[in-house]
Structures are given as structure tokens and as C-alpha cells.
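The lines below spell out each chain.
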Amino acid sequence: MTIHPSLLSADFANLQTEIQRVPSADGLHVDVMDNHFVPNLTLGLPVVEAIRSVSDKLLDIHLMIEDPDRWAPAYAEAGAESVTFHVEAAAAPVRLARELRRLGSKAAMALKPATPIEPYADLLGELDMVLIMTVEPGFGGQKFLDLCLPKIRRARELIARRTGSDGHHIALQLDGGVSAETIERCAEAGADCFVAGSAVFGADDPDAMVNQLREAAVAAAG
Ligand code: DX5
Ligand code: ZN
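The following paragraphs examine the structure supplied in this document. (Residues numbered from 1 in each chain as written. Chains lettered and ligands numbered in written order. Predicted model: local features only at pLDDT ≥ 70, side-chain atom pairs only at ≥ 80, totals over all residues. Heavy atoms only, no water.)

**A word on the nonpolar core**
In this structure, Leu7, Ile61, Val130 and Phe194 are the most contacted members of the largest nonpolar core, which totals 63 residues. Apart from residues lying up to four places away in sequence, Leu7 is in contact with Phe12, Leu15, Ile19, Leu28, His29, Val30, Ile51 and Phe201. Grouped together as the second largest cluster of nonpolar side chains are five residues, Met33, Phe37, Met64 and Ala89 included. (Core = buried A, V, L, I, M, F, W, Y, C linked by side-chain atoms within 4.5 Å. Buried < 20%, exposed > 50% of the residue type's maximum accessible area, 1.4 Å probe, protein only. Contact = heavy atoms within 4.5 Å.)

Here it is in C-alpha cells:
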């Protein structure tokens, strides 16, 4: 069970200090938005490079951008350990996943709430992680969408089948509305990697919240 605080809810004027507030994080989730794929604009490659220069934490880059085929490889080249593209935006997801892995990054595919997992079942062998959005992407602090839970269960089943056949680990990440209130049902449904923005950086003690979330997920998964 891994917890990735989302820097979207951190103080952008003090990112280095904010990163130091979550030493227990298993990774740092960085939301790149281009104001086209989603109706919001955040940060891009120069800021990711700056974060890389001050932190050895696993960088989990979530690209909410159009044309990830063109832009995603640069994040792997910048030293991100994991790069996630949205399948709704990718022209050639298999080629892109292979390119990310060739550059030394993990390759991950994200799905918006209305995007089904089944059409992509045969792509799982190309991926290190599947990200199921549990809010519509674009903003932090939205309410968790319970309607995503059946898809999480189905994704877990598909991954379990795949993992059994060739042994490689595929993480199942959730992003959106994950909190102490929602994480238990997420873990029960089969997720094992959790992004939390407002729940972590809105807490009085962000690092204690990271540990609290992980413990709740472990307990709920049984
Ligand atoms: C939203 C982003 C999320 C966001 C989650 O589109 O992808 O990573 O930071 O924020 P919370 O945890 O507040 O829902
Ligand atoms: Zn995200």
C-alpha cells in the first residue's frame, strides 16, 4: 500500500518546503495540466526538473494533457520514475508505454471516470500501473465518486489475471477525493496506490496523515 501526496494541494510558492513536510510519502504525485485536456493549467517540465533537483523521492507524473505521445517522454528523460498518460488523449498508447519504459521510467495509463477498463485489458502487459480517476480530472478537493468502485474491482480482477500469467507487478492507483473517509472502500475494492492532495496538505500534520491513510488502507485490505 503506497501513498503519493499530490503537490497540487501544496503551496506552489514553496514546493521544496512542502515536499519536506511529507517524508513518509512513498512518492510525490505531480499533476501536469495543459488547459486543453482539462480546464485547468498547472506546471510543466521546468518545474518537474526543479522538483527533481531537490528531491530523491519517487516522482509520479500525472499528465492531464493532449498529445502525450509527443510530450510524455521528456518527463522520463527528466528522471521521473513513473509517467502516467491518459488513454483518452494518447494516439498510440502501446508505442508510448514502450517508449517510456525504454527511457527508464515506469509506464502508467490513466482512465477518466467514464472510460471503461475492459477495452484496454490486453494492454496491461505493457504497463506498470493503471490509474483510475475517482473524480473528473482537473481540480483538487472534489468529492470522491463512488460510481468508480465497480470499475476498480474489475480492474483488480484483470490485473490479478495478468500478474498471475507473467509475474510482473502492476499497481492500481486511485486519484481524486481519497481521504481517511474514503480510503477504506478504495482498498477493499482492490486499489494499492493512493493519491491524496487536499487530505494530506490540508491536514494539520501532513506526514501523520500519510501514515494514517496507509494504515487504514492496509487494515481495510485485510
Ligand atoms: C485532479 C488531480 C489530483 C488532485 C487530487 O485532477 O489529478 O491528483 O490533486 O486532489 P484531491 O486528493 O484533493 O482530490
Ligand atoms: Zn493526479
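**Remarks on the site of ligand 1**
Around ligand 1 there are 20 residues in total, and Ser6, Gly138, Asp175, Gly177 and Ser198 lie nearest to it. Contacts to ligand 1 include Gly177, whose backbone N or O atom sits 2.8 Å from an oxygen atom. Here an oxygen atom of ligand 1 and a backbone polar atom of Gly197 are 2.8 Å apart. Put simply, the parts of the chain that give the shell around ligand 1 at least two residues each are strand E2 (28–33), strand E3 (59–64) and strand E8 (193–196). Take the shell around ligand 1: its biggest share by element is three residues, from E2. (Near = heavy atom within 4 Å. Polar contact = N/O pair within 3.5 Å; in protein donor to acceptor, adjacent residues only side chain to side chain. Helix = DSSP H or I, 4+ residues; strand = E, 2+ residues; numbered from the N terminus.)

**Focus on unusual backbone geometry**
Located in the positive-phi region is Asn35, a residue other than glycine, with phi close to 65 degrees. Looking at the element boundaries, Asn35 is found in the loop between E2 and helix H2 (45–54). The backbone phi angle of Asp67 is positive, close to 55 degrees, even though this residue is not glycine. Considering the arrangement of structural elements, one finds Asp67 in the loop between E3 and helix H3 (68–71).

**Concerning the coordination of the zinc ion (ligand 2)**
The coordination sphere of the zinc ion (ligand 2) contains the protein donors His29 (NE2), Asp31 (OD), His62 (ND1) and Asp175 (OD), at a distance range of 2.0 to 2.3 Å. Around the zinc ion (ligand 2) sit six donor atoms, and with donor-metal-donor angles ranging over 72 to 170 degrees the site reads as octahedral. Mapped onto the sequence, the residues coordinating the zinc ion (ligand 2) show the spacing H-x1-D-x30-H-x112-D. For His29, a relative accessible area of 0% corresponds to the buried category. A relative accessible area of 6% places Asp31 in the buried class. (Donors = N, O, S within 2.8 Å, 3.2 Å for Na, K, Ca; no water. Tetrahedral: all angles 85-135°; square planar, octahedral: opposite > 155°, others 65-115°.)

**Digging into the pattern of salt bridges**
If you walk through the whole model with that rule in mind, you get 10 salt bridges. Glu81 is the partner of Arg52 in a salt bridge, and the nearest nitrogen-oxygen pair spans 3.0 Å. Separated by 29 residues along the polypeptide, Arg52 in helix H2 and Glu81 in the loop between helix H4 (73–77) and strand E4 (82–86) bring together distant segments of the chain. With a relative accessible area of 19%, Arg52 lands in the buried category. A residue is classified by how much of its surface remains accessible, and Glu81, at 29% relative accessible area, is partly exposed. (Salt bridge = Lys/Arg side-chain N within 4 Å of Asp/Glu carboxyl O.)

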